[in-house]
Amino acid sequence: MKPIRKAVFPVAGLGTRFLPATKAMPKEMLPVVDRPLIQHVVDEARQAGIEHFIFVTGRNKGVIEDHFDRQFELEVTLQERNRTNDLELLAQHLPGAGTASFTRQQEPLGLGHAVWCARELVGNEPFALLLPDVLVKHERGCLAQMIDAAQGLDRANVIAVEEVPMERIHSYGVVGVGAAKGKMFTVTEMVEKPPREKAPSNLIITGRYILQPEIFDILASQSRGAGNEIQLTDAMITLAKSQTFYGLKFAGESYDCGSKIGFLAANVAYALDRPDLAPALRAEIERLMG
Ligand code: G1P
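Residues numbered from 1 in each chain as written. Predicted model: local features only at pLDDT ≥ 70, side-chain atom pairs only at ≥ 80, totals over all residues. Heavy atoms only, no water.

Student: Could you give an account of the overall build of the protein, naming the residues involved and the relevant values?
Tutor: If you tally the helices and strands in the protein, you get 11 helices and 13 strands. In terms of C-alpha radius of gyration, the protein reaches 19 Å, essentially the compact-globule figure of 19 Å for 290 residues. Projected onto the principal axes, the alpha-carbon positions of the protein cover approximately 60 × 50 × 40 Å. The 290 residues of the protein split such that 48% are buried. In the protein, once contacts between residues fewer than 6 apart in sequence are set aside, the share between residues at least 24 apart is 76%. Computed over 32 positive and 36 negative side-chain charges, the inter-centroid distance for the protein is 3 Å. (Helix = DSSP H or I, 4+ residues; strand = E, 2+ residues; numbered from the N terminus. Rg over C-alpha atoms; globule rule 2.2 N^0.38 Å. Buried < 20%, exposed > 50% of the residue type's maximum accessible area, 1.4 Å probe, protein only. Contact = heavy atoms within 4.5 Å. Lys, Arg positive; Asp, Glu negative; His and termini not counted. Charge placed at Lys NZ, Arg CZ, Asp CG, Glu CD.)

Student: Pulling in residues and values, what's your account of the environment of glycine 110?
Tutor: One can find glycine 110 in the loop between strand 5 (100-104) and helix 5 (111-116). For the pair glycine 110 and arginine 224, spaced 114 residues apart in the sequence, the C-alpha separation amounts to 8.6 Å. Leave out the neighbours within four places in its chain, and glycine 110 touches Gln105, Glu229 and Ile230.

Student: So what's going on with the packing of helix 3 (residues 72-80) against helix 4 (residues 84-92)? Residues and values would help.
Tutor: Between helix 3 and helix 4, the least distance of the axes is 8 Å, while the angle of their chain directions is 150°. Considered as vectors, helix 3 and helix 4 are oriented roughly antiparallel to each other. Taken together, the residues of helix 4 that come into contact with helix 3 (itself represented by Leu74, Glu75, Leu78 and Gln79) are Asp86, Leu87 and Leu90. Of the residues contributing to the contact of helix 3 with helix 4, the split by class is four nonpolar, one polar and two charged. (Axes fitted to C-alpha atoms, helices over the stretch in contact; angles between N-to-C directions. Parallel < 35°, antiparallel > 145°, perpendicular 65-115°, else oblique. Nonpolar A, V, L, I, M, F, W, Y, C, P; charged D, E, K, R; others polar.)

Student: Could you give me a rundown of the pattern of salt bridges, with the residues and numbers involved?
Tutor: According to the stated counting rule, one finds 18 salt bridges in the structure shown. With a shortest N-O distance of 2.7 Å, aspartate 86 and arginine 83 are connected by a salt bridge. Among the residues examined, arginine 83 registers a relative accessible area of 40% and is labelled partly exposed. Its salt-bridge partner being lysine 249, residue glutamate 163 comes within 3.5 Å of it at the nearest N-O pair. In this pair, glutamate 163 is assigned in strand 8 (residues 157-163) and lysine 249 in strand 12 (residues 245-249), connecting sequence segments 86 residues apart. The exposure class of lysine 249 is partly exposed, given its relative accessible area of 47%. In the salt-bridge network here, residues are joined through shared partners; they are Arg5, Lys6, Glu51 and Glu125. (Salt bridge = Lys/Arg side-chain N within 4 Å of Asp/Glu carboxyl O.)

Student: Please give an account of the site of the ligand that cites residues and values.
Tutor: Around the ligand, a shell composed of Leu111, Leu131, Val134, Tyr172, Gly173, Glu192, Lys193, Ile205, Tyr209, Gln231 and Thr233 is seen. Take isoleucine 205: an N or O atom from its main chain is 2.6 Å from an oxygen atom of the ligand. Bound to the protein, the ligand loses 80% of the 380 Å² it would expose on its own. Taken together, the residues that form the shell around the ligand break down as six nonpolar, three polar and two charged. (Near = heavy atom within 4 Å. Polar contact = N/O pair within 3.5 Å; in protein donor to acceptor, adjacent residues only side chain to side chain. Areas by Shrake-Rupley, 256 points an atom, 1.4 Å probe, with all protein chains shown as cover.)

Student: Before we move on, could you go through the nonpolar core and cite the residues and values that matter?
Tutor: Of all hydrophobic cores here, the largest spans 45 residues; its most connected members are Phe9, Phe55 and Leu143. In terms of residues, this core owes the most to one element, helix 7 (residues 142-150), which gives six residues. Once you skip the residues sitting within four places of it in the chain, phenylalanine 9 turns out to touch Ile38, Val41, Val42, Ala45, Phe53, Ile54, Phe55, Val56 and Leu130. Judged by nonpolar contacts, the second largest core, of 30 residues, contains Phe127, Leu129, Ile159 and Met236. (Core = buried A, V, L, I, M, F, W, Y, C linked by side-chain atoms within 4.5 Å.)

Student: Describe helix 9 (residues 232-239), and please don't skip the residues or the numbers.
Tutor: Turning to helix 9, its buried residues are Leu232, Thr233, Ala235, Met236 and Leu239. The buried residues of helix 9 occupy an angular sector of 160° when projected down its axis, which confines them to one face. (Arc of directions from axis to C-beta.)

Student: How would you explain the side chain of glutamate 125 if you had to name every residue and give the values?
Tutor: Mapping glutamate 125 onto the fold places it in the loop between helix 6 (119-122) and strand 6 (127-130). Glutamate 125 sits in the buried class, given a relative accessible area of 13%. Here the side chain of glutamate 125 touches arginine 5 through a polar contact of 2.8 Å, side chain to side chain.

Student: Residues and numbers for the packing of aromatic side chains, please.
Tutor: If you walk through the whole model with that rule in mind, you get seven aromatic pairs. Summarising the aromatic geometry, the rings of phenylalanine 9 and phenylalanine 53 are spaced 6.3 Å apart at their centres and angled 20° between planes, so their arrangement reads as stacked. With phenylalanine 9 in strand 1 (residues 6-10) and phenylalanine 53 in strand 4 (residues 52-57), this residue pair connects regions lying 44 residues apart in the sequence. Exposure remark for phenylalanine 53: the relative accessible area of 4% places this residue in the buried category. Within the aromatic cluster, the residues linked to one another by ring pairs are Phe9, Phe53, Phe55, Phe68 and Phe102. Here the guanidinium or amino end of lysine 137 rests over the ring plane of tyrosine 270, the centre of that ring lying 5.9 Å away. (Phe/Tyr/Trp six-rings, centres within 6.5 Å; stacked < 30°, edge-to-face > 60°. Lys NZ or Arg CZ within 6 Å of the ring centre and 35° of its normal.)

Student: I'd love a proper account of the state of the cysteines, names of residues and values included.
Tutor: Disulfides are covalent bonds that link the sulfur atoms of two cysteine residues. Per the stated rule, a full pass over the model turns up zero disulfides. Here cysteine 257 stays unpaired: no disulfide links it, and the sulfur of cysteine 142, its closest cysteine neighbor, is 14 Å away. (Disulfide = S-S within 2.5 Å.)

Shown next as structure tokens:
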């Protein structure tokens, strides 16, 4: 397979599940410990070798673009105060000049439409897609695990999958499981947000994809599906007629930060991993729990 150089981040969503926090601030800027959600996901992509970061944004999302730019006033002040560690931290997270692109999804027509908006920036090569609502906590990031697993495959599409309890299955895209292929399996079917009795398994699509560029031609004429939105899963079903889709049960714990509980759990889990915060946080949690 051609190397995966580009990653798409759909960040146009309105964040209605987090109002009023997201009234004036994009949900992707909510912090998990001290990094915005979008930064965690961009770092995962960078670890996987991604060279070009493509953000599909919307109105009121300008601060995401600012986050991935330099902030001179802040840098000068930090320099004057000899805050070298803080300056290094900022430099570490800054994308190289010309490696971040931003385009706008002008109307909220769904994930499939958001991905289609990136077609000119992606061009004719396979690409990664990372949904910033989902964080996967593991030393080797989820996307890197997918790229490792896809080595040697030709024109393959890969989706990260995980088990969820059947009571929650209707909130996700769900896959059917075929023959094993190394660490992966071939996907036999995909369905977006099925009622429990129609779900082909308890394995959901987790929000990390490697897709071939032919998906864009399909998305160009994709009609609306679940929730009256243009669904990526529906376009993937069409693409699966001519190309193989593989599922990878990744290593690591996922947090659905689009939900309040997932977001709060992510904050606790990531903070408990930080030597500078864990002892004090543990003591605080114990105190609160009585
Ligand atoms: C999207 C996808 C769905 C996937 C989910 C993961 O749904 O359409 O297939 O399982 O992300 O979080 P959304 O959360 O945008 O409704």
